[in-house]
Amino acid sequence: MGPRSRALPWALVLLALRGAAGARPSFVLLLADDLGFGDLGSYGHPSSATPNLDRIASRGLRFTNFYSSSPVCSPSRAALLTGRFQMRSGVYPGVFDPGSRGGLPLSEVTIAEVLKAEGYATAMVGKWHLGLGINGSFLPIHQGFDHFLGVPYSHDQHTHYPQFASQEYAGQSRRGPFGDALSEFDGSVGQLLQALQENGLADTTLMFFTSDNGPSTMRMARGGSSGLLKCGKGTTYEGGMREPAVAYWPGHITPGVTHELASTLDILPTLTTLAGAALPKVALDGYDLSPVLFGSGKSPRQTMFFYPPSPDPLHGPFAVRLGKYKAHYFTQGSFHSDTTPDQACHGLTPLTPHLPPLLFDLESDPAENYDLLQSGAGPELLQVLKEIELQKVLFEQRMEFGESQIGKGRDPTLQPCCVPNCTPKPSCCRGS
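Scanning the protein chain from N- to C-terminus turns up nine helices and twelve strands. For 432 residues, the compact-globule formula gives about 22 Å, and the C-alpha radius of gyration of the protein chain, at 21 Å, lands near that figure. Along the first, second and third principal axes, the C-alpha atoms of the protein chain reach 60 × 55 × 50 Å. For the protein chain, buried positions account for 59% of its 432 residues. For the protein chain, the computed accessible surface area is about 17500 Å², with 55% contributed by carbon and sulfur atoms. Separation between the mean location of the 33 positive side-chain charges and that of the 38 negative ones in the protein chain comes to 4 Å.

Spelled out as structure tokens, the structure:
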């Protein structure tokens, strides 16, 4: 999405810019990779050096109940771009590999396509991870983006293991390699803020920052932190899907903190409204967050559905949040959340059904420690369970699973290669 400026080392940056005379805002969407709820200084980490992110958090609107659609990256990115749960577009189970045959279907309408139709210049910088395809057919330039600078699959650097930091940042933080990478990420945010200022766009640009899923703790301190939340990446506990999030637009968004419910699914409807565009004529799972950003402060989102990395219609959502309550119908650990003291997080912890479901009050117990039904359920909690079950049934009736794109398998010849015509791939791609 299009300024003519230097490339920045993002996990993912989406830019949608209008000319200086345009009345509608420009947009910058920053998506960190495997960054946990507890990783930023503004979210309570005692040793993270994130001054630029903390600055926009203090001068913007910081969310405390913001969710990704999935605890792993390819599906969460698909949902963010389309405003639709990943099952609808077929981005399941798991994530795309470099040689995956499938990708985000071109029939899906992305936020870039919506904005481009309204005259926006669009670009994407960083990790795509939504498929490559034959001759790059699934790349961002075929999904509404004028420009793409990045890698088509998981780059395994910056805040995603194994973390990368340049010479300027390596060894400089108090958090080790993860802290160094996070500091560099934060430094890039500062460069972007400076570029907006220098180009006269600071006051006409809405910047939104969040993360694709919870932290990977399988390598102990080399991963991120979910803070006080339970588990992390790969799980449907809070640590797997509740993310840091900030909306920043000087002079338009009043600085503060909101405890309203919101999701990456809501980004497409919100930006579409602000751009004066029409919503795609498909089933959407997101809501316009304008009341939260500019108005009464009340979110139109009252529910959140938690699907695992490998969802299926038989099990449905593993958990449902309604207001302050969250019910777990199934729980399962993940190898992405290994090495924490909590055995429930670990990869060898099997799929476990819960009937009645585990029920938590996330306002008084965000760490999901105390099952409200452990000592029986009174009339009030029984009514809560009834309402959650109703919302679950209604949602499952509306949910349609698209053909699995990841289930289309792999073709090693599709992998990007430094020696394009060599054989056999991928081993020959290392060159001589």
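Now, onward.
One pass over the structure, following the stated rule, counts two disulfides. Disulfide pairing places Cys 231 opposite Cys 345 at an S-S distance of 2.0 Å. Linking Cys 231 and Cys 345, the disulfide has an S-S dihedral of approximately -85° and is accordingly described as left-handed. Residue Cys 231 is located in the loop between β6 (205-211) and α6 (238-241), and its partner Cys 345 is located in the loop between β11 (325-331) and β12 (352-361); the two are separated by 114 residues in the primary sequence. What makes Cys 231 buried here is its relative accessible area of 6%. The disulfide bridge from Cys 422 ends at Cys 428, spanning 1.9 Å between sulfur atoms. Around the S-S axis, the bridge from Cys 422 to Cys 428 shows a dihedral of about 65° and counts as right-handed. The pair Cys 422 / Cys 428 is uniform in exposure class, with both members buried. Here Cys 73 stays unpaired: no disulfide links it, and the sulfur of Cys 231, its closest cysteine neighbor, is 18 Å away.

On the surface, Met 218, Phe 335 and Leu 348 cluster together into a nonpolar patch covering about 320 Å² of accessible area. Residue position: Phe 335 is located in the loop between β11 and β12. Judged by its relative accessible area of 46%, Phe 335 is partly exposed.

What follows deals with the packing of helix α1 (residues 51-59) against helix α5 (residues 176-198). Each pair of packed helices gets described by two things: the angle between the helix axes and the distance between those axes. At a minimum axis separation of 7 Å, α1 and α5 run at an interaxial angle of 60°. Relative to α5, the element α1 is oriented oblique. Every residue of α5 that contacts α1 at Pro 51, Asn 52, Leu 53, Arg 55 and Ile 56 is listed here: Phe 185, Asp 186, Gly 187, Val 189, Gly 190 and Leu 193. Residue composition of the contact of α1 with α5, grouped by class: six nonpolar, three polar and two charged.

On to helix α2 (residues 73-82), then. Counting buried residues in α2 gives ten out of ten residues, a clear majority hidden from the surface. Taken as a whole, α2 has its buried residues at Cys 73, Ser 74, Pro 75, Ser 76, Arg 77, Ala 78, Ala 79, Leu 80, Leu 81 and Thr 82. In the segment just after α2, Gly 83 is the residue with positive phi, at about 70°.

With that settled, the discussion passes to the packing of aromatic side chains. The tally for this structure, following the rule as stated, stands at 15 aromatic pairs. Ring geometry for Trp 128 and Phe 145: centres 6.3 Å apart, planes at 85°, overall edge-to-face. Here the residue Trp 128 occupies a position in the loop between β4 (121-127) and β5 (147-151), and Phe 145 occupies one in the loop between β4 and β5, the gap between them amounting to 17 residues. Here the two residues Trp 128 and Phe 145 agree in accessibility, since each one is buried. Consider the rings of Phe 318 and Phe 330, whose centres lie 5.5 Å apart with planes at 40°: the pair is tilted.

Moving on, we get to the nonpolar core. Counting residues in hydrophobic clusters, the biggest one holds 40 residues, and the most contacted among them are Phe 27, Phe 63, Leu 81, Leu 130 and Phe 208. Breaking this core down by element, the ones donating at least two residues are β2 (26-32), β3 (61-67), α2, α4 (111-116), β6, β7 (242-248), α7 (267-274) and α8 (290-294). Apart from residues no more than four positions distant in its own chain, Phe 63 is found in contact with Tyr 43, Phe 208, Ala 245, Val 246, Ala 247, Thr 258, Glu 260, Ala 262, Val 292 and Leu 293. Grouped together as the second largest cluster of nonpolar side chains are 29 residues, Leu 359, Leu 373, Leu 381 and Ile 388 included.

Our focus in this paragraph is the pattern of salt bridges. In total, this model carries 16 salt bridges according to the counting rule given. When the shortest N-O distance is used, the salt bridge between Lys 116 and Asp 146 registers 3.0 Å. Here the residue Lys 116 occupies a position in helix α4, and Asp 146 occupies one in the loop between β4 and β5, the gap between them amounting to 30 residues. Residue classification places Asp 146 among the partly exposed residues on the basis of a relative accessible area of 31%. Across the pair Lys 326 and Glu 368 runs a salt bridge whose closest N-O atoms are separated by 3.1 Å. With Lys 326 in strand β11 and Glu 368 in the loop between β12 and α9 (379-398), this pair connects stretches of sequence that are 42 residues apart.

Turning next to the sheet that holds strand β10 (residues 319-322). In space, the four strands of this open sheet follow the order β9-β10-β11-β12, with antiparallel pairing throughout. Each edge of the open sheet is held by one strand with a lone partner, namely β9 (303-306) and β12. Pairs of neighbouring strands in the sheet enclose a mean axial angle of 10°, with direction left out of account. Across four bridges, β10 lies against β11 in antiparallel orientation. Residue Ala 319 lies in a different strand from β11, and its bridge partner there is His 328. Contacts from α9 reach β9, β10, β11 and β12, with the element oriented near 65° to β11.

Right, let's get into the environment of Glu 184. Structurally, the position occupied by Glu 184 is in helix α5. Measuring from C-alpha to C-alpha, the distance between Glu 184 and Ala 275 comes to 31 Å, with 91 residues separating the pair along the chain.

Calculation criteria
Residues numbered from 1 in each chain as written. Predicted model: local features only at pLDDT ≥ 70, side-chain atom pairs only at ≥ 80, totals over all residues. Heavy atoms only, no water. Helix = DSSP H or I, 4+ residues; strand = E, 2+ residues; numbered from the N terminus. Rg over C-alpha atoms; globule rule 2.2 N^0.38 Å. Buried < 20%, exposed > 50% of the residue type's maximum accessible area, 1.4 Å probe, protein only. Areas by Shrake-Rupley, 256 points an atom, 1.4 Å probe, with all protein chains shown as cover. Lys, Arg positive; Asp, Glu negative; His and termini not counted. Charge placed at Lys NZ, Arg CZ, Asp CG, Glu CD. Disulfide = S-S within 2.5 Å. Patch = residues over 30% accessible without salt bridge, like charges linked within 9 Å, V, L, I, M, F, W, Y side chains within 5 Å. Salt bridge = Lys/Arg side-chain N within 4 Å of Asp/Glu carboxyl O. Axes fitted to C-alpha atoms, helices over the stretch in contact; angles between N-to-C directions. Parallel < 35°, antiparallel > 145°, perpendicular 65-115°, else oblique. Contact = heavy atoms within 4.5 Å. Nonpolar A, V, L, I, M, F, W, Y, C, P; charged D, E, K, R; others polar. Phe/Tyr/Trp six-rings, centres within 6.5 Å; stacked < 30°, edge-to-face > 60°. Core = buried A, V, L, I, M, F, W, Y, C linked by side-chain atoms within 4.5 Å. Pairing = 2+ DSSP bridges.

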